[in-house]
Amino acid sequence: MTKQEQVKAIFIEEAGEIIEKLDINILRFEENSTDFDLLNEIFRGVHTLKGNANAFGFTRLGEFVHHFEDVLDHYRNTHEVIEPEHLELFVGSVDVIKEVMECELDALPNLPTGYAECLDKIKALMYSKKSPQNSIQISEEPMQLNDLASEFGFDDSSDNMIVQCIQKLQTTPNADGACLYRIDLTLDEDCYKRGFDHLLFLKLLGERALAIESFFDMQNIPPLDEFKHDENTIKNVVILVLTVSSYDDIAENFEYLFDHEYRIHEIVPIALPVMEQPIEPSSPISVTPQKEEKNETNTPSSTVISAKSTIRIDTFKLDELFDSVGELVIAQNFIAQNNKIRSIEDESINRTIETLSKITKRIQDRVMSLRMVAIRDTFDKMKRVVRDTSKKTGKELHLHVLGEETEIDKTMIDSLSDPLIHIIRNAIDHGLEANAAERLSVGKKEEGNITLRAYHKSGSIVISVSDDGRGINKEKVFKKAIERGIITGDENLTDSQIFGLIMQPGFSTADAISDLSGRGVGLDVVKTSIEKLRGKIEIDSKEGEGTTFSMVLPLTLAIIDGMLVQAAGEIYIIPTLSVVESFRPERDIVHVVKGQGEFVSLRGQHIPVIRLSDVFELTTDRIEPWEGILVCVETEAGRIAVMVDELVGRQQVVIKPLGKALAKQREISGGAILGSGDIALILNVDELRPMIEAVHG
């Protein structure tokens, strides 16, 4: 990859982040259109995107964001009230930016369908804002125009004018602690095509300036018949800025220019108020202490910048580091649990092993934290989904967001968007009542409520979507499942199992099909996506009150919290996320049904018993269920009781793939190396239930 390609790849990554941030900020601004600090942040993102897009030849994107930037700049400077239809235009413009960016990346010749229409609206809005101020009275006689080059061009007196201006700015009242900078701009001829001009930098500098002066060199301006509007002929512009901003803050405005196009020079810090007692010429006091004082003042700011600095790391490298730490944990456990080492009665060795254990645990926690990110950004994206779905369905609703700071594994973030979108759309389209009149008729407020929440629970992450709508009609779901042949009708299903039927492929209880679909359509996709993340979905609903979908996920995909069990002399790991309870059954609750196998009666339910020795064809003495231990686990098809000989304990283990040879063993999801050096298989409990039919059928 060439250097140019590397720089372009960095731009594409940064542009994606900018557009993603724009999508979030524009919705926040729509909610509070008087927050001009937020509008300034949106403007800076669009401005950065414009400069980068033009620099890398993405001219279609550059043209659109250039005009969008003009509109944003007008409102942020005038603080005018933004009309609702114009806010809608802003939101639509961000959509177009996302679509145009995709066209540019894929080198597609055609632009998005809404590109031209949205651009025309932006231009019309900008024209309407400028036209009253730019009305010109045209006289019958032609005006005699002066030569701008002669009026504004540098001459012999220009340097004197700059010196006089510096002296004037140095004596500006109420400028204690401010600095005076001289900036020389020598922009290339193609700067306009790249999205830069001199007035833009004057605006940016003026936002934080106490005073600003500029001097334009107009001597090289060509005659009008030779003038080209897209080429810069102003070879030099001198800008004097009096500001309390630091040198780095000033330089940040020019970070996208080439190094030869600008030069910044700090002239002198403005002196602090003079003491009443005169200072003799021979006095050793000088401006040096003032300079030191300014540095001391800036020290906290520098510290804050350093604390917030970040570095980009390839996720592949991060995964390699995590795997290495996993190996370190295994090695440390092997040392700590090695019988030969433990038999050595030496206090220093024991102390060293204990110290190694603490350090290893600390490293493991730190490396795990590198992969953990707040779910805030994902939730912010969902706000757009709620907004668009609300407008499409015509339902007034309010979104409540809780637990935005909850952290989750970075590798899981991208996989959560689609499931969340499916669930939220279903909650709005089918979960909430059809209209305000229907809500009022059942004693609810006109405005519906959708609650998006994330929280920790028993070593897992739970992400839930709740609505206060109709709820799920259990009888209707049960009847539809029988019609589709999903169940026979003889099953004794709990409420949660009935609700779980709506996640079967193609299942829907909607009376009418819409482009957003009814609850159930697409939920099989949600279920599959969550299971790939080794999680599960729980549904709780009360008819007339609402429904809650909860996605229960592990903290990380690389480590699993498991219950270690022993069966036929082998160690297995059952994910604790699936474990309901473990118990030694009484003899009178165990039953054998001819042709169907063994069952245990537990609180009114008949739960099938599965022996791991039968599943894996292990040679062992056959014992009765009441002589062993049953671990009750929740599967997608209902609860089963896994029979084991002994409960070894509970611990977190690093998941290891088993390779192609064992990839077809669907009842095994992976393996783990224990502290003793032994390998334990991780059970996929959802695949154990079909094994019952194979064993007992």
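Residues numbered from 1 in each chain as written. Predicted model: local features only at pLDDT ≥ 70, side-chain atom pairs only at ≥ 80, totals over all residues. Heavy atoms only, no water.

Enquirer: Describe the overall build of the protein chain, with residues and values.
Expert: For the protein chain, the helix and strand inventory stands at 21 helices and 22 strands. A total of 697 residues make up the protein chain; the buried ones form 40% of that total. Long-range pairs, those at least 24 residues apart, make up 71% of the contacts in the protein chain with a sequence separation of at least 6. With an accessible surface of roughly 39,600 Å², the protein chain has 51% of that area assigned to carbon and sulfur atoms. (Helix = DSSP H or I, 4+ residues; strand = E, 2+ residues; numbered from the N terminus. Buried < 20%, exposed > 50% of the residue type's maximum accessible area, 1.4 Å probe, protein only. Contact = heavy atoms within 4.5 Å. Areas by Shrake-Rupley, 256 points an atom, 1.4 Å probe, with all protein chains shown as cover.)

Enquirer: How would you sum up the layout of surface pockets? Please name residues and give values.
Expert: Of the volumes computed, that of the second largest pocket is approximately 1,600 Å³. Around the second largest pocket, the lining comprises 39 residues; the ones closest to its centre are Glu 17, Glu 20, Asp 377, Lys 381 and Lys 410. Those elements that place two or more of their residues in the lining of the second largest pocket are α1 (3-31), α4 (84-105), α11 (315-337), β5 (372-374), α14 (376-393) and α15 (410-431). Here the lining of the second largest pocket is composed, by residue class, of 15 nonpolar, 6 polar and 18 charged. (1 Å grid on protein atoms, 1.4 Å probe; cavity = no way out; pocket = protein on both sides within 12 Å on 5 of 7 lines; lining within 4 Å. Points joined across faces, edges and corners; volume = space filled by probe spheres on them. Nonpolar A, V, L, I, M, F, W, Y, C, P; charged D, E, K, R; others polar.)

Enquirer: Pulling in residues and values, what's your account of a nonpolar patch on the surface?
Expert: Taken together, the side chains of Leu 328, Ile 359 and Ile 363 present a nonpolar region at the surface, about 210 Å² in accessible area. Structurally, Ile 363 can be placed in helix α13 (residues 347-370). (Patch = residues over 30% accessible without salt bridge, like charges linked within 9 Å, V, L, I, M, F, W, Y side chains within 5 Å. Salt bridge = Lys/Arg side-chain N within 4 Å of Asp/Glu carboxyl O.)

Enquirer: I'd like to hear about the environment of Lys 444, residue by residue, with values.
Expert: Mapping Lys 444 onto the fold places it in the loop between α16 (436-441) and β8 (448-457). Between the C-alpha atoms of Lys 444 and Asp 468, which are 24 residues apart in sequence, the distance is 9.0 Å. Discounting residues that sit within four places of it in the chain, Lys 444 has contacts with Glu 433, Arg 439, Asp 468, Gly 469, Arg 470, Gly 544 and Glu 545. A polar contact of 2.8 Å, which involves the side chain of Lys 444, links it to the side chain of Glu 433. Side-chain polar atoms of Lys 444 contact the backbone oxygen of Asp 468, separated by 2.8 Å. (Polar contact = N/O pair within 3.5 Å; in protein donor to acceptor, adjacent residues only side chain to side chain.)

Enquirer: Describe the pairing of strand β12 (residues 559-567), with residues and values.
Expert: Among the 9 residues in β12, 7 count as buried, and that is most of the element. Where β12 lies against strand β20 (residues 646-654), 8 bridges are found, and the strand directions are antiparallel. Along β20, the bridge assignment pairs Asp 561 with Gln 652. Taking the residues that link successive antiparallel strands as the turn, the β12-strand β13 (residues 570-575) hairpin has 2 residues, and the phi of Ala 568 there is positive, at about 55°. (Pairing = 2+ DSSP bridges.)

Enquirer: Can you explain the sheet that holds strand β14 (residues 579-583)? Please cite residues and give values.
Expert: Within the open sheet, the 6 strands sit side by side as β14-β18-β19-β17-β16-β15. Their pairing is mixed. Here the strands that pair on one side only, and so sit at the sheet edges, are β14 and β15 (590-593). Pairwise comparison of adjacent strand axes, ignoring direction, gives a mean angle of 35° for this sheet. (Axes fitted to C-alpha atoms, helices over the stretch in contact; angles between N-to-C directions.)

Enquirer: So what's going on with the pattern of salt bridges? Which residues, and what values?
Expert: Enumeration over the complete set of coordinates arrives at 40 salt bridges. The closest approach of N and O atoms between Glu 404 and Arg 376, which form a salt bridge, is 3.5 Å. With Glu 404 in the loop between β6 (397-402) and β7 (407-409) and Arg 376 in helix α14, the pair connects residues that are 28 residues apart, well separated along the chain. On the accessibility criterion, Arg 376 (29% relative accessible area) is partly exposed. We note a salt bridge from Asp 388 to Arg 387, for which the minimum N-O separation is 3.0 Å. By relative accessible area, Asp 388 is classed as partly exposed at 33%. Connected through shared salt-bridge partners, Asp 23, Glu 30, Glu 88, Asp 95, Lys 98, Arg 384, Arg 387, Asp 388 and Lys 391 make up one network.

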